[in-house]
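Read off the chains here:
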Amino acid sequence: MIEQSYISRLSTLYNLDFSTFNISLFGAGHIHQTWLANRETQSYIIQKFNKNVFKNPGLIAHNHQLLIDHLDFEALDFDFPLPIPNVKGRTLCLVGDEYFRVLPFIEGVCLQEIEQPKQAFLAASAFASLIQVAVPLDVNLFQEVIPGFHDLELRFSQFIEAREYTRLKISGELAAICEFYLQQSGIVKEYQMWISLLPKRITHNDTKINNLIFSADLTKVEAIIDLDTMMPGYAFNDFGDLVRTVSCNLDENSLDFDSLKVNVDKYQALYEGFLEGSRDTLTKDEIASLHFGGGMMIYIMGLRFLTDYLNGNIYYQIKYENQNYDRAKNQMYLLKSLQQLGFNKQ
Ligand code: GN1
Ligand code: MG
């Protein structure tokens, strides 16, 4: 539960009496701690911000200010909930030695998995339209809030290092999983080839399906959330994380490894939705790179989960000791399924 001393300080800082709200843990994010504060018709999201992950939080505010100043919000067909400024105009408050922030709560449905291709289309179209609407903004003014966030070469080398220095004994199934990730290093080479051809865009960079809110009847995207990593990236990153989290039948925490499969219809709907949402923004090379994105994003997430497991779980929140190991195993099965279907190729 959120401590009383934080509640009273936040009440002053936001001029809102949070002690009169029902406050409960909320969401499925791996990074910040999130609560829903609810009172009659009023609802807010309160977050304890993860300063271990975002070591320079001012960069997020910098990027968000660029969006506020220059993005044509009217052109977006959905909400885009940025942190609410406190009475001092700040979007992040230091309370004791923790950072907190408050965000608008958006009514709707947050899915962990998608059933129908129609929702896959809507999700992809929404994330791609964000790239399209951000085209007039100067990419070079945006800061990299986490250096090398989607840099596959860096993530691969962090895995190699973790494998070398881990306190764990690498044998049995762990050795086989490490070996799988090593053998897939051709994806790093392909990544280097693609980024030499592609323009940087303002991308969301965390387009997993639970970072989007649908209307109750699932016919419309109400909001795109989790905007911390909006920064320069490649279109294939955003398409790829959609493939990773939408085209499969089970989410990244599932232990039903043998059932993990990429679904062809949802994949196709994602592709069509992404092209529709980005209108004519994407270059020929960017469009060709989209199919690389799915495998690349599954691979990078698998590497990151495995690296964190080898490092003693210092990055992602976990609910049990081996969860990062299981997530890396899950992503391995998913990558195999994608490759079997040939979706990693143009
Ligand atoms: C994290 O905050 P959340 O849970 O939406 C992570 C993403 C990963 C995701 C994996 C800042 O996102 O990069 O794709 O977990 N965010 C950060 O589920 O590391
Ligand atoms: Mg999230």
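Everything numeric in this text was worked out from a predicted model, so none of it was measured.

Around ligand 1 sit 17 residues in total, of which His 30, Lys 208, Glu 252, Arg 304 and Tyr 315 are the nearest. The separation between an oxygen atom of ligand 1 and a polar main-chain atom of His 30 is 2.7 Å. For ligand 1, an oxygen atom lies 2.8 Å from a polar atom in the side chain of Arg 304. Expressed as a share of its isolated accessible area of 440 Å², the protein-covered part of ligand 1 is 97%. Here the shell around ligand 1 gets 3 residues from one element, more than from any other, and that element is helix H9 (residues 284-310). Grouping the amino acids of the shell around ligand 1 by side-chain chemistry returns 8 nonpolar, 3 polar and 6 charged.

With that out of the way, let us pick up the side chain of Ser 125. Following the sequence through the fold, Ser 125 ends up in helix H3 (residues 117-133). Judged by relative accessible area, which is 17%, Ser 125 ranks as buried. When near neighbours in sequence (up to four residues on either side) are disregarded, Ser 125 contacts Gly 273, Phe 274, Glu 276 and Gly 277.

Time to look at the pairing of strand E5 (residues 98-104). Here E5 lies mainly inside the structure; 5 of its 7 residues are buried. Two elements, strand E3 (residues 42-49) and E5, share 6 bridges in a ladder whose sense is antiparallel. Residue pairing for E5: Ile 46 is matched across the bridge by Val 102. As defined by bridge partners, strand E4 (residues 93-95) adjoins E5 across 3 bridges and the pair is classed as antiparallel. Across the sheet, the residue bridging to Leu 94 is Tyr 99, located in E5.

Core analysis: the biggest nonpolar cluster contains 96 residues, and Tyr 181 and Phe 274 have the highest contact counts within it. With 14 residues, the single largest contributor to this core is H9. When residues of this core are assigned to domains, at least three map to each of domain 1 (4-104) and domain 2 (117-345). Apart from residues no more than four positions distant in its own chain, Phe 274 is found in contact with Ala 124, Ser 125, Ala 128, Ile 131, Ala 235, Asp 238, Phe 239, Leu 242, Leu 282 and Leu 290.

Domain parsing of the protein yields domain 1 (4-104) and domain 2 (117-345). Look at where the C-alpha atoms of domain 1 and domain 2 centre, and you get two points 25 Å apart. Counting from both sides, the interface comprises 29 residues of domain 1 and, opposite them, 33 residues of domain 2. The largest contributions to the domain 1 side of the interface with domain 2 come from His 30, Asn 63 and Phe 78, which together make up 27% of the buried area.

Looking now at the coordination of the magnesium ion (ligand 2). The protein atoms that coordinate the magnesium ion (ligand 2) are Asn 211 (OD1) and Asp 226 (OD), at distances of 2.2 to 2.3 Å. Of the two residues, Asn 211 sits in the loop between strand E6 (201-203) and strand E7 (212-214) while Asp 226 sits in the loop between strand E8 (221-224) and strand E9 (231-233), which places them 15 residues apart along the sequence.

Attention shifts here to the packing of helix H7 (residues 235-246) against helix H8 (residues 264-277). Between two packed helices, both the angle of their axes relative to each other and the distance between the axes serve to describe the pair. Running from N to C, H7 and H8 cross one another at 150 degrees; their axes reach a closest spacing of 10 Å. On the basis of their axis angle, the class for H7 and H8 is roughly antiparallel. Classified by chirality, the crossing of H8 by H7 is right-handed. Taken together, the residues of H8 that come into contact with H7 (itself represented by Ala 235, Asp 238, Phe 239, Leu 242, Val 243 and Val 246) are Lys 266, Tyr 267, Leu 270, Tyr 271 and Phe 274.

Looking now at the state of the cysteines. What the rule picks out here adds up to 0 disulfides. Of all cysteine sulfurs, the one in Cys 110 lies closest to Cys 248, which takes part in no disulfide; the gap is 15 Å.

With that settled, consider the UniProt feature "domain: Aminoglycoside phosphotransferase" (unreviewed entry) in the protein. If you check UniProt for "domain: Aminoglycoside phosphotransferase" (unreviewed entry), the listed places come out as residues 23-245 in our numbering. Secondary structure across residues 23-245 comprises 35% helix and 18% strand; the distance between its end C-alpha atoms is 29 Å.

You can see Val 243 is positioned in helix H7. In this structure, the C-alpha to C-alpha distance between Val 243 and Asp 217, residues 26 residues apart in sequence, is 23 Å. Non-local contacts of Val 243, meaning those with residues more than four positions away in its chain, are made with Cys 248, Tyr 267, Leu 270, Gly 294 and Leu 338.

Right, let's get into H3. Each α-helix winds once per 3.6 residues, and so residues spaced three or four apart point in a common direction. Helix length check: H3 (17 residues) gives 24 Å between terminal C-alpha atoms against 24 Å at 1.5 Å per residue, within 8%. Counting buried positions over the 17 residues of H3 gives 13, a clear majority of the element.

Before going further, it helps to examine H9. For H9, which comprises 27 residues, the first-to-last C-alpha distance of 39 Å matches the rise-based estimate of 39 Å (1.5 Å per residue) to within 8%. At His 291, H9 shows its maximal bend, which comes to roughly 40 degrees. With respect to burial, H9 is a largely interior element, 24 of its 27 residues being buried. With its phi angle positive at about 90 degrees, Gly 312 sits one or two positions after the end of H9.

Reading guide: rules and limits
Residues numbered from 1 in each chain as written. Chains lettered and ligands numbered in written order. Predicted model: local features only at pLDDT ≥ 70, side-chain atom pairs only at ≥ 80, totals over all residues. Heavy atoms only, no water. Near = heavy atom within 4 Å. Polar contact = N/O pair within 3.5 Å; in protein donor to acceptor, adjacent residues only side chain to side chain. Areas by Shrake-Rupley, 256 points an atom, 1.4 Å probe, with all protein chains shown as cover. Helix = DSSP H or I, 4+ residues; strand = E, 2+ residues; numbered from the N terminus. Nonpolar A, V, L, I, M, F, W, Y, C, P; charged D, E, K, R; others polar. Buried < 20%, exposed > 50% of the residue type's maximum accessible area, 1.4 Å probe, protein only. Contact = heavy atoms within 4.5 Å. Pairing = 2+ DSSP bridges. Core = buried A, V, L, I, M, F, W, Y, C linked by side-chain atoms within 4.5 Å. Domains from an automatic or database assignment. Buried area = accessible area lost by both parts, 1.4 Å probe. Donors = N, O, S within 2.8 Å, 3.2 Å for Na, K, Ca; no water. Axes fitted to C-alpha atoms, helices over the stretch in contact; angles between N-to-C directions. Parallel < 35°, antiparallel > 145°, perpendicular 65-115°, else oblique. Left-handed = near helix turned anticlockwise from the far one by under 90°. Disulfide = S-S within 2.5 Å. UniProt positions renumbered as here; feature names shortened; annotations may be inferred. Expected span 1.5 Å × (residues − 1). Bend = angle between axes of the 7 residues up to and from the residue.

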